[in-house]
Structures are given as C-alpha cells and as structure tokens.
Amino acid sequence: MENSIEEDIKVLENLLDEGFEAMCYEEAQAIEHILSDYKRLREYYEEQNEVNAKFIAVQKVKDKIKELENKIKYEQNAQVLVQLYKQIKVLQELLEGRE
C-alpha cells in the first residue's frame, strides 16, 4: 500500500528524531533539507491558492460590472436603467471595500 506524502514525512521525521544507526550524517542532512524544502513549498502553494481564489472573486465582480455597463448601452427602459446603475454602484462599493 502506498503512503501519502504526509505519512512519508512523518516516517522520515521519526527516523531523524529517533536516529538510525546505519544512516550517515550526509544522508540525515539530505533528508532534513528535502523535508524542509517540501514544507516551505507546500506552504507557498497553499498561500498562492488563497491569493488566486481572492483574485478570481475580484475579477468576477469586475466582469459583472462590465456586463451591466454593456446592458446599459442598449437598455431604453428607465426603471431597468435605474436598477442596473444601482447594481453597478453596489458592486463598485464591494470592490472599494477590499482596497
């Protein structure tokens, strides 16, 4: 059965903590470096995923504003125009609140 990367990391950390008589110093250092780099990269990618998710949400709001602005160009009903402008205003306030 194949272990997950998290399980493999725990195994290697336990090996380093408990010591392994047959392991030489260079091997132990290599394992420590690999574990350290992996953890750092995992944290970086998790942060990037959060940033990307936030950017996508902001971009969706901006796209919706553009869509409403395009509808305004062709709308002739005054009541509909008022509603479209109100929607745009709310979305713009939402964006301004994020800055």
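Details of the structure are given in the entry above.
Analysis parameters
Residues numbered from 1 in each chain as written. Predicted model: local features only at pLDDT ≥ 70, side-chain atom pairs only at ≥ 80, totals over all residues. Heavy atoms only, no water. Helix = DSSP H or I, 4+ residues; strand = E, 2+ residues; numbered from the N terminus. Buried < 20%, exposed > 50% of the residue type's maximum accessible area, 1.4 Å probe, protein only. Contact = heavy atoms within 4.5 Å. Areas by Shrake-Rupley, 256 points an atom, 1.4 Å probe, with all protein chains shown as cover. Core = buried A, V, L, I, M, F, W, Y, C linked by side-chain atoms within 4.5 Å. Salt bridge = Lys/Arg side-chain N within 4 Å of Asp/Glu carboxyl O. Axes fitted to C-alpha atoms, helices over the stretch in contact; angles between N-to-C directions. Left-handed = near helix turned anticlockwise from the far one by under 90°. Nonpolar A, V, L, I, M, F, W, Y, C, P; charged D, E, K, R; others polar. Patch = residues over 30% accessible without salt bridge, like charges linked within 9 Å, V, L, I, M, F, W, Y side chains within 5 Å. Lys, Arg positive; Asp, Glu negative; His and termini not counted. Charge placed at Lys NZ, Arg CZ, Asp CG, Glu CD. Phe/Tyr/Trp six-rings, centres within 6.5 Å; stacked < 30°, edge-to-face > 60°.

Before going further, it helps to spend a moment on the overall build of the chain. Along its length, the chain carries three helices and zero strands. Put simply, the chain runs from its N terminus to its C terminus through helices and strands in the order α-α-α. Per-residue burial over the chain gives 15% buried out of 99 residues. Taking the contacts inside the chain whose residues are at least 6 apart along the sequence as the reference set, 45% of them involve residues at least 24 apart. Carbon and sulfur atoms form 53% of the exposed surface of the chain, whose accessible area is close to 8500 Å².

In this structure, Val58, Val61, Ile65, Leu68, Ile72, Leu81, Leu84, Ile88, Leu91 and Leu95 together form the largest nonpolar core, which totals 10 residues. If you list the elements that add at least two residues to this core, you get helix H2 (25-74) and helix H3 (78-98). Sequence-distant contacts of Leu95, defined by excluding residues within four places in its chain, comprise Val58, Val61, Lys62 and Ile65.

This paragraph deals with the pattern of salt bridges. Once the charged atoms of two side chains with opposite charge are near each other, the side chains can pair. For the coordinates displayed, the defined rule picks out three salt bridges. For Lys64, the salt bridge identified is with Glu67, shortest N-O distance 3.2 Å. Of this pair, Lys64 and Glu67 both sit in helix H2, three residues apart, which is roughly one turn of that helix. The closest approach of N and O atoms between Glu67 and Lys71, which form a salt bridge, is 3.9 Å. In this pair, Glu67 and Lys71 both sit in helix H2, four residues apart, roughly one turn of the helix. Classification of Lys71 by relative accessible area gives partly exposed; the value is 42%.

At a closest axis distance of 11 Å, the pairing of helix H1 (residues 5-18) and H2 adopts a crossing angle of 140 degrees. Note that H1 runs across H2; the crossing there is left-handed. Counting all contacts with H1, which are made through Ile5, Glu6, Ile9, Leu12, Glu13 and Leu16, the residues of H2 involved are Ala28, Ile31, Glu32, Leu35, Tyr38, Lys39 and Arg42. A breakdown of the residues in the contact of H1 with H2 according to their chemical character gives eight nonpolar, no polar and five charged.

Attention shifts here to a negative patch on the surface. Taken together, the side chains of Glu43, Glu46, Glu47 and Glu50 make up a negatively charged region of the molecular surface. Along the chain, Glu50 turns up in helix H2.

Here the focus is a nonpolar patch on the surface. Taken together, the side chains of Leu41, Tyr44 and Tyr45 present a nonpolar region at the surface, about 320 Å² in accessible area. Following the sequence through the fold, Tyr44 ends up in helix H2.

On to the packing of aromatic side chains. Scanning all chains against the criterion turns up one aromatic pair. Ring centres of Tyr44 and Tyr45 lie 5.4 Å apart, and the angle between their planes is 70 degrees; this geometry places the pair in the edge-to-face category.

Quick look at the environment of Leu91 now. Mapped onto the fold, Leu91 is located in helix H3. For Leu91, a relative accessible area of 17% gives the class buried. Those residues in contact with Leu91 that lie beyond four places of it in its chain are Val61, Lys64, Ile65 and Leu68.

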